[in-house]
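# Chains, contacts and geometry: an overview
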Amino acid sequence: WRSLLLSSVLSLSPCSSAWPCSGTRYYGTPAEQKVVARDEPSLGVRNKQSHQFDWALAKLDSSVRRTGRVTKSLLQRIFHDICRTGYPSGNQALLLLRSCGSLLPELPLAERTEFAHHIWGKLLELGAAYDVSHYNALLKVYLQNEFKFSPTEFLAKMEAANVQPNRVTYQRLIAAYCQVGDIEGASKVLGFMKSKDLPITEAVFNSLVTGHSRAGDMESAVNILSVMRGTGIDPGPDTYLALLVAYAEKGDMDKIKETLNQVENTDISLMDRDLMQVVFTLTVAGHQQHVPEVLEHLRHDGGFVPDAMNLCLSLITQGHESTAFMLLKTFPSVQADSQNSNGPDVGNFFLRHCVNTNKLVGFCKGLMDSNLHAAPMQFTLYCALEAKKMAPAIEVMKTMKEEGLPIRPHYFWPLLAQHKRDQNTAGTLEVLKAMQELSTEPDIDTYCNYVLRTFPSVDSARTALAVLGCMWLCVLACMCVLVLRQGGRMNLVFTCAIMWSYFLLVHVCTGNLVPPRPENMAYFLYHLFDGMSETEVQAKEEVLREYLQQLHKKGICIPVNIYRGIRNILDSHHVPELIKGLESRVTLERKLEELKAQGSSGDSHLKCSKTIKCVCVFSQNLPRALELKAEHEDKMSPSCYALLINLCCRHDNPEEALNLKRELARMDSEATLDVNKYMSLLRVLSKHNRLEEAVDILKEMKEKDVVVKDTAVVLLFHTFSAVALRGDVAALRRLQDTTFALGLAKPTSNLCSPMVTMYLEKGDFAGALEAVMECETQYHQLPRIHDVLCGIVKKGDTELLQKAMDFVSQQRGEMTVLYDLFFAFLQTGRYREARKIIETPGLRAKPGRLQWYAEKCIGSNQMEALETMVDLTAKLFECDRDEMYHYLLCLCKDTNDWSKAEAVWTKMQEENVIPRERTLRLLADIFKTNNQEVPFEVPEVNWWSLMSLGAVYHAEAYNVLKEAERLGKALVPACYDALIKALLSSGSMEDAMAVKDINLTLTRKNRKMLKENALASLKTMLQMDQVPSQLALTRLVQGLGNHGDIKGIQEVASLIKSLSPSLNMSSMLFVNNMALAHIKKTMAERLCHQFASYKPATDLFLQCLDTGRVEEARQLLQVASLRQRLRPFSISRGAIAKIKNLLELIPDFAEKELVYAYMMKSMDKNLEAAKALYRRMQAEGLQMNELSLKRLAQLYKKAGEPVPFEEPPETFKFYADKLKASTLPSPEDD
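Calculation rules
- Residues numbered from 1 in each chain as written.
- Predicted model: local features only at pLDDT ≥ 70, side-chain atom pairs only at ≥ 80, totals over all residues.
- Heavy atoms only, no water.
- Helix = DSSP H or I, 4+ residues; strand = E, 2+ residues; numbered from the N terminus.
- Buried < 20%, exposed > 50% of the residue type's maximum accessible area, 1.4 Å probe, protein only.
- Contact = heavy atoms within 4.5 Å.
- Areas by Shrake-Rupley, 256 points an atom, 1.4 Å probe, with all protein chains shown as cover.
- Core = buried A, V, L, I, M, F, W, Y, C linked by side-chain atoms within 4.5 Å.
- Expected span 1.5 Å × (residues − 1).
- Phe/Tyr/Trp six-rings, centres within 6.5 Å; stacked < 30°, edge-to-face > 60°.
- Axes fitted to C-alpha atoms, helices over the stretch in contact; angles between N-to-C directions.
- Parallel < 35°, antiparallel > 145°, perpendicular 65-115°, else oblique.
- Left-handed = near helix turned anticlockwise from the far one by under 90°.
- Disulfide = S-S within 2.5 Å.
- Salt bridge = Lys/Arg side-chain N within 4 Å of Asp/Glu carboxyl O.

### Describing the overall build of the protein
The helix and strand tally for the protein stands at 72 helices and zero strands. Per-residue burial over the protein gives 48% buried out of 1230 residues. Contacts in the protein between residues at least 24 apart in sequence constitute 65% of all its contacts with a sequence separation of at least 6. Summed over its atoms, the accessible surface of the protein is roughly 60,100 Å², and 51% of this surface lies on carbon and sulfur atoms.

### Considering the side chain of glutamate 321
With respect to the helices, strands and loops of the structure, glutamate 321 is situated in helix H19 (residues 321-328). Residues within four places of glutamate 321 in sequence aside, it is in contact with Leu315, Ile316, Phe350, Cys354, Thr357 and Phe363.

### Some points on the nonpolar core
Ranked by internal contacts, the top residues of the largest apolar core, which has 142 residues, are Leu123, Ile256, Phe331, Phe350, Met397 and Phe412. With residues up to four places along the chain from it excluded, the contact list for isoleucine 256 reads Leu244, Tyr247, Ala248, Val278 and Leu282. Membership of the second largest hydrophobic core comes to 115 residues, among which are Ile785, Val793, Val808 and Leu922.

### As for helix H5 (residues 72-85)
With 14 residues, H5 extends 20 Å from end C-alpha to end C-alpha; this agrees with the ideal 20 Å at 1.5 Å per step. Within the sequence span of H5, burial applies to Leu74, Leu75, Ile78, Phe79, Asp81, Ile82 and Cys83. One or two residues past the end of H5 sits glycine 86, with phi positive at roughly 90 degrees.

### Section: the side chain of histidine 290
By the secondary structure assignment, histidine 290 is in the loop between helix H16 (272-284) and helix H17 (291-295). For histidine 290, the contacting residues outside a window of four places in its chain are Gly251, Met253 and Leu282.

### Brief notes about the packing of aromatic side chains
Using the criterion set out here, one finds 24 aromatic pairs in the structure. When the ring of phenylalanine 325 is compared with that of phenylalanine 350, the centres are 5.6 Å apart and the planes differ by 50 degrees; the resulting orientation is tilted. Of this pair, phenylalanine 325 sits in helix H19 while phenylalanine 350 sits in helix H21 (residues 348-353); the two residues are 25 residues apart in sequence, bridging distant segments of the chain. Pair check on accessibility: phenylalanine 325 and phenylalanine 350 agree, each one buried. By way of ring pairs, the aromatic residues Trp120, Tyr130, Tyr135, Tyr142, Phe147, Phe149 and Phe154 are connected into one cluster.

### As for unusual backbone geometry
In this structure, lysine 388 is a non-glycine residue whose phi angle is positive, near 60 degrees. Tracing the sequence through the fold places lysine 388 in the loop between helix H23 (376-386) and helix H24 (390-402). Lysine 388 sits in the partly exposed class, given a relative accessible area of 35%. With a phi close to 55 degrees, aspartate 652 is a non-glycine residue in the positive phi region. The residue aspartate 652 is located in the loop between helix H39 (638-650) and helix H40 (654-667) in this model. According to the relative accessible area criterion, aspartate 652 is partly exposed, its value standing at 26%.

### Some thoughts on the environment of glutamate 655
Turning to its location among the elements, glutamate 655 is positioned in helix H40. By relative accessible area, glutamate 655 is classed as partly exposed at 39%. When the C-alpha positions of glutamate 655 and leucine 685 are compared, they lie 8.9 Å apart, and in sequence the two are 30 residues distant.

### Considering the environment of lysine 900
Residue position: lysine 900 is located in helix H54 (residues 898-910). Remark: the alpha-carbon pair of lysine 900 and methionine 863, spanning 37 residues in sequence, is separated by 9.8 Å. Ignoring any residue separated from it by four or fewer positions in sequence, one finds lysine 900 in contact with Met863, Glu867 and Cys892.

### So, the packing of helix H43 (residues 711-726) against helix H45 (residues 749-762)
Between H43 and H45, the least distance of the axes is 9 Å, while the angle of their chain directions is 15 degrees. Comparing their axes, H45 and H43 come out roughly parallel. Like other packed secondary-structure pairs, H43 and H45 cross with a definite hand, here right-handed. For the pair H43 and H45, the contacting residues are Val713, Leu716, Phe717, Phe720, Ser721 and Ala724 in the first and Asn750, Leu751, Ser753, Pro754 and Met758 in the second.

### Some remarks on the state of the cysteines
Applying the stated criterion across every chain yields a total of zero disulfides. Just so you know, cysteine 354 is unpaired, no disulfide at all, and the nearest cysteine sulfur is the one on cysteine 312, 8.8 Å from it. For cysteine 354, a relative accessible area of 0% gives the class buried. Looking at the unpaired cysteine 890, the closest cysteine sulfur is the one in cysteine 892, lying at 9.1 Å.

### Focus: the pattern of salt bridges
Enumeration according to the criterion identifies 28 salt bridges in this entry. With a closest N to O distance of 3.8 Å, glutamate 1168 and lysine 1171 form a salt bridge. Placement of the pair is glutamate 1168 and lysine 1171 together in helix H70 (residues 1167-1179), with a separation of three residues, close to one helical turn. Bridged by salt links that share partners, the residues Asp652, Arg683 and Lys687 form one connected network.

See below:
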């Protein structure tokens, strides 16, 4: 029958020319989909990938629900993320496709459709399986974007893809025909639907209204409503909207008014969104003069603002900004009056989308005059600069200048930055001309960062800028560039003098005798150093130091914040001596004066401490710090001494550091420096060969229990390494021996390695071996033995190599030395020798050693060495071949080398290796990442391997567990325990807690009173031969006991009778909970009837009501006779649903006024519900109290509606206190 429809539609010659087929070339073929189906990823991979994008897709869906639109940037980001990872799900594809229509009001119609086609084709390539819902979504996008396509070809593509159209498909095809006024084509599809007994819905008739209208037959369009009624379908709002749109296309305002009046006389209500569609149609059809009349009918109902925003965006996109601005001014006053710290800002979205229009300034003035926006000019300028739109940005700045608003040089940076990236000198000059027109002088940052870097040479920059009248600053900048490139001493000094002269010249010529700001020179210095490489700075260190001295003589000071940046740059260039030339003296002295002026005589010690800290930390000025120390000798604190000692260490002044240390000891013998300052002292003393003092520092650290760990151990290693680089063997040995003997740090391979490194750097492999042997003898460490052996092998010293082999064999055994030699031969490329070693009879595989070298190769990207190791170990006894190949695949994954991975896979087949599932999944991942077909079936995750998987691959195990939870599969308790321990050991606290929550699923079910589901889960687990945890069973039995479920407890006991020995379940668990169940079931009734005690039953009734167990509450009412004994004070404020449940259970409740007061208090945003409640009270003859009336009145005001009764004049607090003072309880008592 589909072929019948296809042939009948194909016979329509008129439509063949009206429907270009350009939009259908993106559809896939069945062959493509079959290939994708074979490339189906495993559930674990799907779960892992979908988890990464769930948040983004949820955000997209949330944006649609909240605002009715999405942004192109968000949609593109999500789409690109999915494409990068692959394997999109059907829901993801559907969500992306449906977002390409009216949900993108900021994009032109053609661009929306093009994006939809791109998504369709790309996702199909990535494996998305399209069904009829996807084709229907694409049809909807076509209709919303008014895209002309061939319905016949569309159906043909669906048939080729083996996708069967449904009723929605035919409805939208009818709409497509009607959209171009092709009633004949629509009738053919309609007739086919009738022949197949497919229901003809209102949507079809609405399309026919549009079709007849666009065919020029308005009479038939109107008659469609009568036809609808004749078929038993009453025209609804959408039908009348279709008719209104038809009249709007004709510009027939009289008929629009007539139809609106007709709608008002029926029970049909058109929403503001419907009327906005009429506004849009009038505007697009060229009948804007009628828009104000339609706007008068807007009610500003809920959702008006987002709908109006979307309409504005759509109108602007299609070039109708004036109508959009007209609509913007109808935004409710509450929006305009919403004040924040910067004033009202209604219309930001409008201004951002209008940056390309020539009416931008007029819109800004209109918003300001309407008091809708406090600073529209500034915001519009921001949007124009953000979009790199120069013309509107300049226009706005001119208007701002006319209105007396300041224009800053950095306003032009975004424009200049784009020209700098494009090396567009003409564009840069155009921006500079605009700055001149606006009387805005470019500052040094503008020239250094944006202008000069656009030009290819100094000469071209000087020539171009001279034309613009920027000659003085151009010469200055160009000379700086020449200095950076040529770097002579005289040039740099001359530049310093010229630069200062030009600054003075400019200020004198302009009549400004105030010296230039220090920030200008400071910024120049920063860019000077930032533009030089480390090699250039080190080569010109003497010249730069003289340059800084010249600046100092000129009285140039550097602000602290800029000084820090320069110091960081120089630190990274390793020029500590040059840092001393930086003196932010003037700024520093000003800061010191401020500190001296603060406080009183009582806090002189604090002032001294702050002053010393300022000098030590901010300026690193040791002489000035010592001067301050001498001035405030009697006010020095231990912290000040510590700062000074650290500063002396930074300046390599051990003598002064020791003097300060002695003074600190005299002042406070118990004073202790922190471990980092001790490390600084140790470093500077050892550097200057003050060995005894350095040893004394170590001894003092031991006496004062200073702990050396973490970063301090690293500092200690660097200290040892610095001594080693000087070649002072005796000093290094003394420091190491003292440190280890005192127990300040444990001897490790890393701390012992500087002694070996010292010999390796000199190429003295014999000395390095002796150092290794000494470390092994004293500390049982073999530091850098691999590097030593590699050096000996490269040198070819067989005698020394034999000595090393004999020693290691004696200390660690023959197996260890064989592996050391094997790895040394591999590292040096001597594969033949490596083969001989690995083929030593009796040699067994050592997984730990093999893993060490494999990870070393992976970390250093040594594919050849790793591949050779895998080949050579093919016959190694007990060698895990899958593990070896897995190392190779890990390196293939890191290098994204799918061809190598394919070769590895072939090699595994040749070797007849049976790969593990994780190896196959890794291999499949490499193939899929590179868009290659997976040549094998990717295995699904084995749930029961989770425990062993979690010990090493806890991240993968966690993903497996989440997939198991999603599929409802339960695991043995040991799996959860092992995975939790693994996650905790790796620091993944959140994941470990998530596993714990999964483990306690049964517990959560009991807490939610889902005993039936818990019992069903237990039965399912037992049927699958799965054993529940003891904790879950205990919670289940306790929950049944709390519910009085005697039969449930008996059933659980019977089910697990055969498992009791293995679970170690106590029989008293069932005895005690059986007793509790009997009490829960009958106690409340006995207390009421035999002892006239109703409070327990009342509490139980309210608990049932609060937890939604309405039937249990109803049973209590009947059994315990509580209906007449519930008092109003027993009700607490809760959700409206709970209160309604109470009224349903007790229709004749005594104090309904109080109940209704609670309900009104809960309706803080729902005016319609509050109105209904008010009418209900009036109908029942009840009077609403003043506080509730006050609340209701506020709801009317917030909605912009008149209050139909006299509002109580006092405040909320007044009426709340009045109720509290009465004898009756009130909601405010809660």
